[in-house]
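# Observations on the three-dimensional arrangement
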Amino acid sequence: MAYGETPSQTVGPYFAYGLTAGQYAYDFTDIADPTVAGPDAAGEHIRITGTVFDGEGNPVNDAMIEIWQADANGVYSEKPVDVSETGFRGLGRCGTGTDAKLRFWFDTVKPGVVEDAGAPFVNVIVFMRGMLVHAFTRFYFDDEAELNAKDPVLQSVPADRRDTLIAKRVETPTGIEYRIDIHMQGDAETVFFDV
Amino acid sequence: MSTFKPRDWGSHAPYIAPGYKSTILRGPTQAPLAIKSGVSEGTGPRFAPASVRELDFDLTKNGVVNGEPLGERIVVHGRVMDTDGRPQPNILVEIWQANAAGRYVHKVDQHDAPLDPNFRGSGRCFTDDQGNYKFYTIKPGAYPWGNHFNAWRPNHIHISLFGPGFATRLVTQMYFPGDPLLDLDPIFLGTEDAAARERLIAKFSIEATEEGFALGYQFDIVLRGRNGTPMEN
């Protein structure tokens, strides 16, 4: 290894006017936003929502969540992400400081199963003030129990912690929602991965 | 697609670094579980050219309303490469920072220092085919924060990069050489390895300095390298 990695540093509390400008109403463009798949994307349209909790169980109002996922056919997009795109983008970014209940949300389609996995899932990165290094996790889906049982990564997680990675399907008047909270610490501490 | 070498945790801070108090309740307490890197980690977003507009790389101009922003103009440039020294072309680099007085545009920032009506403090650019990037900006000021009595953040610029894959994602901060606050800053010091910390400090560069216009700083950014062999199917 010729060069050492540049250390990670915290995203801090003031990222919004640089990274999530549209969501927070700053005068700057976005390269990504909470829409991962626009209305023209093929697949089952869903919303993923959740809250990030700190070690005292308080919701975090200055986290930023990013997701990267395959399309409904289980393929990661090679097309450049473009926020004017009305189809599938693959990337989403959302801060937790604008929703009244401090939730993150993503409007997307349910991903298909990618080539080296057993079940559908969304890749997730958690950033916030108080994290010097971002943390990787995944969201799986609770209505895919059969496939979840075949997913090598999910099955590598101790059984008593697997539930922290599984979003719960809820039918709401506005459509299908999957709900999953991120617990940074405590009995329900989310499983994070060394990716 | 290839996979990336494992993260070198020795170059990074622990999740809980008690000197930086917010980590105590926000850092995961359980060690991250290692997983075999595959297509999900090896792929990552690319961005449309329209993601970067003409003035996005020039923070001395991209927030102008009725005049020039106040403060010391600087030009920050460097190369994005991997741990094997391979340049990383076409990488999106996003930055944000405080103004010369140490005040962020962010609504939550309550520091009693003036906003600059002509400075927003955010920008972005792509690296060129040699992995080089360049921003014009204003040297950010130091500012107080609530971590401990008389705590001040050293001058810094926040930098966010996607790199070639989801696994290479990096958010970091660039510091300035000779800043006396560095040795007192629990965020900078959160990285325990002194040699790794040095990689967070830009170098003053007279070569990059533009005559009569702006002081030059060089800040190279090193992302994880690729494994030598293509991924097995």
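Residues numbered from 1 in each chain as written. Chains lettered and ligands numbered in written order. Predicted model: local features only at pLDDT ≥ 70, side-chain atom pairs only at ≥ 80, totals over all residues.

## Regarding the overall build of chain B
- Per the secondary structure count, chain B includes 3 helices and 12 strands.
- Counting only C-alpha atoms and orienting by the principal axes, one finds that chain B spans roughly 60 × 40 × 35 Å.
- Within chain B, the fraction of its 233 residues that count as buried is 47%.
- Of all intrachain contacts in chain B linking residues separated by at least 6 positions in sequence, the fraction that spans at least 24 positions is 71%. (Helix = DSSP H or I, 4+ residues; strand = E, 2+ residues; numbered from the N terminus. Buried ≥ 20, exposed ≤ 12 C-beta atoms within 10 Å, placed from the backbone. Contact = placed C-beta atoms within 7 Å.)

## Notes on the overall build of chain A
- Check the secondary structure of chain A and you find 3 helices and 10 strands.
- Across chain A, helices and strands are ordered from the amino to the carboxyl terminus as α-β-β-β-β-β-β-α-α-β-β-β-β.
- Since a compact globule built from 195 residues should have a radius of gyration of about 16 Å, the 16 Å found for chain A is in line with a globular shape.
- In terms of overall dimensions, chain A has a C-alpha envelope of 45 × 45 × 40 Å along the principal axes.
- Per-residue burial for chain A yields a buried fraction of 53% across its 195 residues.
- Excluding contacts between residues fewer than 6 apart, the proportion of contacts in chain A whose partners are at least 24 apart in sequence is 72%. (Rg over C-alpha atoms; globule rule 2.2 N^0.38 Å.)

## As for the confidence of the model for chain B
- Predicted confidence across chain B gives a mean pLDDT of 95, with 97% of residues reaching 70 or more.
- For this predicted complex, the interface score ipTM comes out at 0.96, while the overall pTM is 0.97. (pLDDT = per-residue confidence, 0-100.)

## Points about the interface of chain A and chain B
- Listed as interface residues are 58 residues of chain A and, on the opposing side, 71 residues of chain B.
- Secondary structure elements with two or more residues in the side of chain A that touches chain B: α1 (16–19), β5 (122–128), α3 (152–156) and β10 (193–194) of chain A.
- Residue composition of the side of chain A that touches chain B, grouped by class: 33 nonpolar, 15 polar and 10 charged.
- By the bridge criterion, 2 bridges tie β10 of chain A to strand β1 (residues 33–34) of chain B in an arrangement that is parallel. Pairing of F193 of chain A across the sheet is with L33 of chain B, part of β1 of chain B. (Nonpolar A, V, L, I, M, F, W, Y, C, P; charged D, E, K, R; others polar. Pairing = 2+ DSSP bridges.)

## Section: the sheet that holds strand β3 (residues 92–97) of chain B
All names here are of chain B.
- Taken in spatial order, the 4 strands of this open sheet run β4-β3-β8-β9, and their pairing is antiparallel. With partners counted over all chains shown, the strands left at the sheet margins are β4 (122–126) and β9 (170–175), one partner each. Shown here is a sheet whose adjacent strand axes are inclined to one another by a mean of 25°, direction ignored. (Axes fitted to C-alpha atoms, helices over the stretch in contact; angles between N-to-C directions.)

## Overview of the nonpolar core
- Within the largest apolar cluster, 110 residues are counted, with the highest numbers of intra-cluster contacts made by V126, F139 and Y140 of chain A together with L161 of chain B.
- Setting aside chain neighbours within four positions, we find V126 of chain A in contact with V52, A63, I65, H134, A135, T137 and I182 of chain A. (Core = buried A, V, L, I, M, F, W, Y, C linked by C-beta atoms within 7 Å.)

## Quick word on the environment of P111 of chain A
- Within the fold, P111 of chain A resides in the loop between β4 (103–109) and β5.
- Excluding residues within four positions of it along the chain, P111 of chain A makes contact with Q69, A70, D71, A72, G74, P120 and V122 of chain A.

## Some details on unusual backbone geometry
Residue and element names in this part refer to chain A.
- With phi around 65°, A25 is a residue other than glycine that occupies positive phi space.
- Relative to the assigned elements, A25 resides in the loop between α1 and β1 (45–53).
- Here L102, not a glycine, exhibits a phi torsion of approximately 60°, which is positive.
- Considering the arrangement of structural elements, one finds L102 in the loop between β3 (91–95) and β4.

## Quick notes on the environment of I201 of chain B
Residues and elements named next belong to chain B.
- Along the polypeptide, I201 turns up in the loop between α3 (194–198) and β10 (203–204).
- I201 sits 29 residues away from T172 along the chain, and the two C-alpha atoms are 11 Å apart.
- Excluding residues within four positions of it along the chain, I201 makes contact with Y175 and P177.

## What about the environment of G165 of chain B?
All names here are of chain B.
- Mapped onto the elements, G165 comes out in the loop between β8 (156–161) and β9.
- As for G165 and D179, which are separated by 14 residues in sequence, their C-alpha atoms are 33 Å apart.
- Dropping the residues within four chain positions of it, G165 is found in contact with F4, E41, G42, T43 and G44.

## Examining the pairing of strand β5 (residues 132–138) of chain B
Residue and element names in this part refer to chain B.
- For β5, a buried count of 5 out of 7 residues is recorded, marking the element as mostly surrounded by other parts of the structure.
- Bridge count for strand β2 (residues 73–82) against β5 is 7 bridges, and the pairing is antiparallel. Paired with R73 across the bridge in β5 is I138.

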